[in-house]
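Notes for the structure review
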Amino acid sequence: MKKDLLKITDLSCEDITHILDVADQLKYNQKHGIPHRLLEGKTLAMIFQKSSTRTRVSFDVGMFQLGGHAMFLSTADIQMGRGESIRDTARVLSRYCDGIMIRTYGQDEVEELAEYATIPVINGLTDYSHPCQVLADLMTIREHQKTLEGLHMCYIGDGNNMANSLVAGGLITGMKVTCATPKGYEPDPQILDFAKKYGDKFSWHEDVMEAARGADILVTDVWASMGQEEEREERARIFQGYQINEAVMQTANKGAIVLHCLPAHKGEEITEDVFEKYADCIFDEAENRLHAQKAVMAICMGETK
Ligand code: CP
Ligand code: NVA
């Protein structure tokens, strides 16, 4: 069966640990000039329905370093943007390429693409999930905190794609996860349902301080995601206080780290001071997109077990 990466809840703790182990090895190889052309001659099609800096660049550079080639396909330019169906696009790209990465709105679009493609499909962000980002986040946490199991991760902000994937990724890898969002902006009901299996390892809070107390990792993301531009002002009012700031950091554990998938809106979900204080960690997280995705591609598209 072909291997896809569609959402974090499809992965077991062993799967995630394995991806992170391969990612650590590839990072080491890259830093030490050790060749790792695991996808020699292979091509990745990258379909973008939304903007991107990190995802686009890290997949492109990652494919190059693995000996392959990545092709940027904006839906504004390909026939998909003029109504060619996902299933036909999947079948056509499968005849030319060795893998597809897609960034779009509906998770159902990614699932349909994967159903009709005969090559691996990797989710590069939907409104529901952002699995590649969360693999990079888990890799960064493991680098900085030396473990995942038993840590307390706290997410503050909108119950969006990042919240959904972090809650799932944290629970699967043995963390305690708390989440603070305004009422009505909780993570997706499917994720809340998934979290029920983990009992008191997961809790949702309306109060930020309650969620942050004793946390080892604090994570946030923008109040208005791509596609929600028109709600920006309304959200800015509703999300007041759902911010990582110095007071929140005082509530967290000593030695706590801060993550942000970027781009950040400083002064909204995170203060400029806290962002700069934890910038090394946040930019390690951005760098780790490259290494984590190289691992995903090597496993899904190559011979790496
Ligand atoms: N974090 C992330 O996915 O960034 P881009 O939108 O720049 O790809
Ligand atoms: N929640 C954000 C993440 C961007 C990487 C968005 O979907 O726009």
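See the structure above.
Residues numbered from 1 in each chain as written. Chains lettered and ligands numbered in written order. Predicted model: local features only at pLDDT ≥ 70, side-chain atom pairs only at ≥ 80, totals over all residues. Heavy atoms only, no water.

1. Digging into the site of ligand 1
Taken together, the residues surrounding ligand 1 are Ser52, Thr53, Arg54, Thr55, Arg103, His130, Gln133, Cys261, Leu262 and Arg289. Contacts to ligand 1 include Ser52, whose side-chain N or O atom sits 2.6 Å from an oxygen atom. Within the side chain of Gln133, a nitrogen or oxygen atom sits 2.9 Å from a nitrogen atom of ligand 1. Within the complex, the protein chains bury 95% of what would otherwise be the 260 Å² of accessible surface of ligand 1. In terms of residue class, the shell around ligand 1 is made up of two nonpolar, five polar and three charged. (Near = heavy atom within 4 Å. Polar contact = N/O pair within 3.5 Å; in protein donor to acceptor, adjacent residues only side chain to side chain. Areas by Shrake-Rupley, 256 points an atom, 1.4 Å probe, with all protein chains shown as cover. Nonpolar A, V, L, I, M, F, W, Y, C, P; charged D, E, K, R; others polar.)

2. Thoughts on the pairing of strand β8 (residues 217–220)
Burial along β8 is two-sided: the residues Ile217 and Val219 and Leu218 and Thr220 are all buried. Here strand β5 (residues 152–156) runs beside β8; their pairing, made up of four bridges, is parallel. What sits directly across from Met153, in β8, is Ile217. Across four bridges, β8 lies against strand β9 (residues 257–260) in parallel orientation. Bridged to Ile217 within β9 is Ile257. (Buried < 20%, exposed > 50% of the residue type's maximum accessible area, 1.4 Å probe, protein only. Helix = DSSP H or I, 4+ residues; strand = E, 2+ residues; numbered from the N terminus. Pairing = 2+ DSSP bridges.)

3. A short note on the side chain of Asp216
Within the element layout of this structure, Asp216 appears in the loop between α8 (208–212) and β8. For the buried residue Asp216, which engages in no salt bridge, the nearest side chain bearing the opposite charge is Lys176, 8.5 Å off. Separated by 2.8 Å, the side chains of Asp216 and Asn253 make a polar contact. Leaving out residues up to four positions away in the same chain, Asp216 has contacts with Gln145, Leu151, His152, Asn253, Ala256 and Ile257. (Lys, Arg positive; Asp, Glu negative; His and termini not counted. Salt bridge = Lys/Arg side-chain N within 4 Å of Asp/Glu carboxyl O. Contact = heavy atoms within 4.5 Å.)

4. Some details on the nonpolar core
Core analysis: the biggest nonpolar cluster contains 58 residues, and Leu135, Ile141, Met175, Ile217 and Met297 have the highest contact counts within it. In terms of residue count, the dominant contributor to this core is helix α12 (residues 279–301) (eight residues). Discounting residues that sit within four places of it in the chain, Met175 has contacts with Leu138, Ile141, Leu148, Gly150, Leu151, Met153, Gly170, Lys201 and Ile217. Core analysis: the second largest hydrophobic core is formed by 24 residues, Cys154, Ala211, Ala215 and Leu218 among them. (Core = buried A, V, L, I, M, F, W, Y, C linked by side-chain atoms within 4.5 Å.)

5. Focus on the site of ligand 2
Around ligand 2, a shell composed of Leu125, Asn160, Asn161, Asp221, Val222, Ser225, Met226, Cys261 and Leu262 is seen. Between Ser225 and ligand 2, the recorded distance is 2.7 Å, taken from a side-chain N or O atom to a nitrogen atom. At 2.8 Å, a backbone N or O of Met226 approaches an oxygen atom of ligand 2. Surface burial for ligand 2 is 94%, taken as the share of its 270 Å² of free accessible area covered by protein chains. Each residue belonging to the shell around ligand 2 can be placed in one class, and the counts come to five nonpolar, three polar and one charged.

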